[in-house]
Amino acid sequence: MHTSDHAVVIAGCGPTGLMLAGELALAGVDAAIVERRPNQELAGSRAGGLHARTIEMLDQRGIADRFLSEGQMAQVAAFAGVALDISDFPTRHNYGLGLWQNHIERILAGWVAELAVTIHRGIEVTGIAQDDTGVDVALSGGGALRARYVVGCDGGRSLIRKAAGIEFPGWDPSVSNLIAEVEVAGEPTWGVHRDAVGVHGFGKLKYEIRDGEVVYLDGGPARVMVTERQVGSAGEPTLRDLSEALIAIYGTDYGIHSPTWISRFTDMARQAASYRNGRVLLAGDAAHVHYPAGGQGLNLGVQDAVNLGWKLAQVVKKTSPESLLDTYHAERHPVAARVLRHTMAQVALLRTDDRTDALRETISGLLGIDEPRKRLAAEMSGLGIHYELGDGHPLIGRRMPDLDLATANGPLRVYTLLHEARPVLLNLGDPGGLDVTPRADRVRVVDAKCDGMWELPVLGAVTAPEAVLIRPDGYVAWVGDPAQPGLADALTTWFGLAAA
Ligand SMILES: Cc1cc2nc3c(=O)[nH]c(=O)nc-3n(C[C@H](O)[C@H](O)[C@H](O)COP(=O)(O)OP(=O)(O)OC[C@H]3O[C@@H](n4cnc5c(N)ncnc54)[C@H](O)[C@@H]3O)c2cc1C
């Protein structure tokens with residue numbers, strides 16, 4: 001049996017696994033991905049885009065433009081179909097991006113290919129066994145890997161989650177949809193349709209971007225979605241299931257044929273009871289599944305990866321204790337729990353009876369008022385995330401805004417400082433006022449001036465700080481002035497650095 005050692009083995013090369021591998025590689029950690037699929041190609045379309053905070057995170061790594069140049073910037077945030085405009089939010093990316101998941105994965109894979117990551121494709125993880133020093137990973141075909149840590153980024157049916165004995169409590173489905181890409185001989189009514197059973201729709205797949213606008217083209221396969229009359233069908237859906245579901249709704253299946261992809265999704269909402277069991281961690285769909293309303297899943301997974309990557313890297317390098325990994329669950333579990341609640345609320349609001357229509361109209365009216373719109377839009381776009389990192393300045397635990405800085409080397413954006421995924425101590429007071437010389441190899445200290453307004457989504461203007469300690473994921477760990485105590489503690493807590 002062939003065994004090779006890695007610091008971290010990631011099961012699954014979807015968006016979450018790719019992002020995590022990139023983060024670990026940036027930190028200089030030897031990571032390998034094991035992926036069942038023979039290549040990065042993805043049957044079907046799945047996620048339709050990125051929300052603002054995910055785009056910001058890609059910007060923090062210097063790769064946002066790769067995505068923006070291939071997609072359609074638009075106001076994509078919505079709640080139960082009610083659009084939530086974020087164009088007045090204080091961010092460079094005050095919009096979302098329409099871009100199908102296969103493109104998102106391709107672009108992420110291109111980035112990872114530039115970094116030192118081993119990817120074993122066409123191989124499945126079949127089992128794991130952890131001991132005091134590491135984890136044995138059994139592979140299909142009889143191979144094996146040994147890793148210090150294993151991260152299950154292997155999707156909703158995660159083998160890693162089950163093998164680690166992690167519970168997956170939640171809610172059984174109440175709605176079931178079939179989604180497919182097929183050829184259509186007839187001429188359906190394109191667009192979204194609602195009836196007593198639910199929401200259905202036919203959409204064209206082929207499009208061109210003309211003058212920055214998506215223009216759908218005639219011909220080619222269609223994307224079909226139909227609500228099933230019954231919930232709880234087991235097994236993989238077939239063309240016949242799709243045909244029967246369409247006939248039940250439209251009285252015809254419009255001559256559908258030649259499917260390239262048929263899938264079923266429901267509003268089952270489940271979340272891993274713990275994101276970590278010893279040396280095994282979970283991220284992305286492996287840790288949480290829910291209805292796609294609001295387009296949150298991929299975004300959550302990518303953000304899980306960015307939260308976990310630097311922490312796991314520091315633990316692997318032994319610069320931080322293992323307990324740092326517990327902050328991953330503490331921070332990310334509540335975020336996904338809120339997403340589950342929001343998707344459940346949306347499923348209820350998306351019901352198609354007259355009373356629910358009336359309720360949705362009421363909610364829609366309320367979301368036309370600035371304050372409720374901003375609050376919910378901050379949640380749906382990810383810009384409002386607030387980790388409980390302690391009291392004090394409102395920036396603590398919130399995303400660092402991408403302000404324009406003036407430095408001795410010229411103008412610079414804050415996010416440019418995060419490209420290497422290293423912590424940054426930004427000193428906006430007297431140059432040289434913060435002395436962290438013994439830690440300079442791990443925390444980059446930058447003296448700068450910033451004349452811009454410090455404004456946060458929903459909260460509005462906040463007091464300009466004299467110094468900010470920014471974690472590699474772009475969240476603020478400490479705010480203060482150079483004389484204020486607490487910096488040494490924050491450096492120790494987050495980056496394992498002993499006080500000077
Ligand atoms: C219809 C639909 C619409 C959606 N729309 C949106 C949207 O608009 N926005 C959004 O953010 N999200 C959306 N989502 C959700 C999104 O697709 C998922 O949340 C996202 O794919 C999760 O990424 P992941 O990497 O965690 O898991 P996955 O994408 O499921 O990747 C898991 C990977 O692990 C591999 N794997 C599984 N088991 C093993 C094993 N044992 N060994 C090796 N490899 C394994 C799989 O082959 C796969 O490549 C939608 C989902 C659906 C179904």
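Structure first, text after, so check above.
What counts, and where the lines are drawn
Residues numbered from 1 in each chain as written. Predicted model: local features only at pLDDT ≥ 70, side-chain atom pairs only at ≥ 80, totals over all residues. Heavy atoms only, no water. Helix = DSSP H or I, 4+ residues; strand = E, 2+ residues; numbered from the N terminus. Rg over C-alpha atoms; globule rule 2.2 N^0.38 Å. Buried < 20%, exposed > 50% of the residue type's maximum accessible area, 1.4 Å probe, protein only. Contact = heavy atoms within 4.5 Å. Salt bridge = Lys/Arg side-chain N within 4 Å of Asp/Glu carboxyl O. Pairing = 2+ DSSP bridges. Axes fitted to C-alpha atoms, helices over the stretch in contact; angles between N-to-C directions. Near = heavy atom within 4 Å. Polar contact = N/O pair within 3.5 Å; in protein donor to acceptor, adjacent residues only side chain to side chain. Areas by Shrake-Rupley, 256 points an atom, 1.4 Å probe, with all protein chains shown as cover. Phe/Tyr/Trp six-rings, centres within 6.5 Å; stacked < 30°, edge-to-face > 60°. Lys NZ or Arg CZ within 6 Å of the ring centre and 35° of its normal. Expected span 1.5 Å × (residues − 1). Core = buried A, V, L, I, M, F, W, Y, C linked by side-chain atoms within 4.5 Å.

Q: Whenever I open this one, the overall build of the chain confuses me. Can you help?
A: When its secondary structure is counted, the chain shows 11 helices and 31 strands. Computed over its C-alpha atoms, the radius of gyration of the chain comes to 24 Å, within 12% of the 23 Å expected for a compact globule of 500 residues. Projecting the C-alpha coordinates of the chain onto the three principal axes gives extents of approximately 75 × 60 × 40 Å. Split into buried and exposed, the 500 residues of the chain put 52% on the buried side. Of the contacts made within the chain by residues no fewer than 6 positions apart, 69% connect residues no fewer than 24 positions apart.

Q: What is the right way to look at the pattern of salt bridges in this model?
A: Once their charged atoms are close, side chains differing in charge can pair, the charge on each being opposite to the other. Applying the stated criterion across every chain, the model contains 32 salt bridges. Arg53 is the salt-bridge partner of Glu56, the closest N and O atoms lying 2.7 Å from each other. Of this pair, Glu56 and Arg53 are both found in helix α2 (residues 52-60), three residues apart, which corresponds to roughly one turn of the helix. A single burial state applies to Glu56 and to Arg53, both of which are buried. Of the charged contacts, one joins Asp473 and Arg471 as a salt bridge, the two residues approaching to 2.7 Å between their closest N and O atoms. For Arg471, a relative accessible area of 0% corresponds to the buried category.

Q: Would you take a moment to explain the sheet that holds strand β23 (residues 288-289) for this structure?
A: Picture the strands of a sheet paired through backbone hydrogen bonds; they go either parallel or antiparallel. One open sheet accounts for three strands, arranged β12-β20-β23; its pairing is antiparallel. The strands lining the two open edges of the sheet, one partner per strand, are β12 (170-171) and β23. Where strand β20 (residues 269-271) meets β23, two bridges bridge the pair, whose relative direction is antiparallel. When the bridges of β23 are listed, Gln271 appears paired with His288. Contacts between helix α8 (residues 326-349) and the sheet are confined to β12, β20 and β23, with β20 contributing the most and set at about 170 degrees to the helix.

Q: Teacher, can you tell me more about the site of the ligand here?
A: The local shell around the ligand holds 29 residues, among which Thr16, Glu35, Gln101, Asp285 and Leu298 are the closest. Take Thr16: an N or O atom from its side chain is 2.8 Å from an oxygen atom of the ligand. Leu298 has a polar backbone atom sitting 2.8 Å from an oxygen atom of the ligand. Across the complex, the protein chains shield 89% of the 1,000 Å² of accessible surface that the ligand would expose by itself.

Q: Is there a simple way to explain the pairing of strand β18 (residues 222-227) in this structure?
A: Residues in a regular strand point their side chains to alternate faces of the sheet. As paired strands, strand β13 (residues 176-184) and β18 are joined by six bridges and run antiparallel to one another. Looking at the pairing, Asn177 lines up with Thr227 of β18. Note: strand β15 (residues 199-204) against β18, four bridges, orientation antiparallel. Bridge pairing links Phe202 to Val224 in β18.

Q: Would you explain the sheet that holds strand β14 (residues 191-194) in this entry?
A: Strand order in the open sheet made by the five strands is β14-β15-β18-β13-β19, with antiparallel pairing throughout. The two strands at the open ends of the sheet, each matched to only one other strand, are β14 and β19 (256-266). Mean inter-strand twist for the sheet, computed between neighbouring axes without regard to direction, equals 15 degrees. Relative to β19, helix α6 (residues 239-250) is tilted by about 80 degrees, and along the sheet it contacts β13, β14, β15, β18 and β19.

Q: Could you clarify how one ought to interpret the side chain of Glu23 in this entry?
A: Here Glu23 lies in helix α1 (residues 15-26). Taking relative accessible area as the criterion, Glu23 reaches 2% and is therefore assigned buried.

Q: Would you mind showing me how to read the packing of aromatic side chains here?
A: Aromatic ring pairs are defined here through the distance separating the ring centres and the angle between the ring planes. Per the counting criterion, the structure on display carries nine aromatic pairs. Considering the side-chain rings of Tyr250 and Tyr254, the 5.6 Å spacing of their centres and the 65 degrees angle between planes classify their relative orientation as edge-to-face. With a centroid separation of 5.7 Å and an interplanar angle of 45 degrees, the aromatic rings of Phe265 and Tyr291 are classed as tilted. Within this pair, whereas Phe265 is found in strand β19, its partner Tyr291 is found in the loop between β23 and α7 (297-316), the two being separated by 26 residues in sequence. Through successive ring pairs, a cluster of aromatic residues spans Trp190, Phe202, Tyr250 and Tyr254. Stacked on the ring of Phe168, the Lys or Arg Arg161 has its end atom at 3.4 Å from the ring centre. Sitting over the face of the ring of Trp494, Arg471 holds its NZ or CZ atom 4.7 Å from the ring centroid.

Q: Teacher, can you tell me more about α7 here?
A: Every α-helix winds through 3.6 residues per turn, so residues three or four apart in the chain are directed the same way. For α7, with 20 residues, the first-to-last C-alpha span of 28 Å sits near the 28 Å given by 1.5 Å per residue. Across the 20 residues of α7, 20 count as buried, placing the element largely inside the fold. Within two residues after α7, Lys318 carries a phi angle of roughly 65 degrees, on the positive side.

Q: Would you mind showing me how to read the side chain of Thr327 here?
A: Here Thr327 is to be found in helix α8. Here Thr327 is in contact with Lys311 and Trp494, once residues within four sequence places are set aside.

Q: How should the nonpolar core be read in this particular structure?
A: Across soluble globular proteins, nonpolar side chains have a tendency to be buried as a group. Counting residues in each nonpolar core, the largest one holds 115 residues, and the members touching the most others are Val8, Phe67, Leu312, Leu426 and Leu469. In contact with Val8, not counting residues within four places along its chain, are Leu24, Val29, Asp30, Ala31, Ala32, Ala147, Tyr149, Val151, Leu312 and Val316.

Q: I'm lost on unusual backbone geometry in this one. Help?
A: Backbone phi values are negative for most residues with the exception of glycine, while trans is the configuration of most peptide bonds. For Tyr254, which is not a glycine, the phi torsion comes out positive at approximately 55 degrees. The phi dihedral of Ser258 falls on the positive side, at around 50 degrees, and the residue is not glycine. Its place among the elements puts Ser258 in strand β19.

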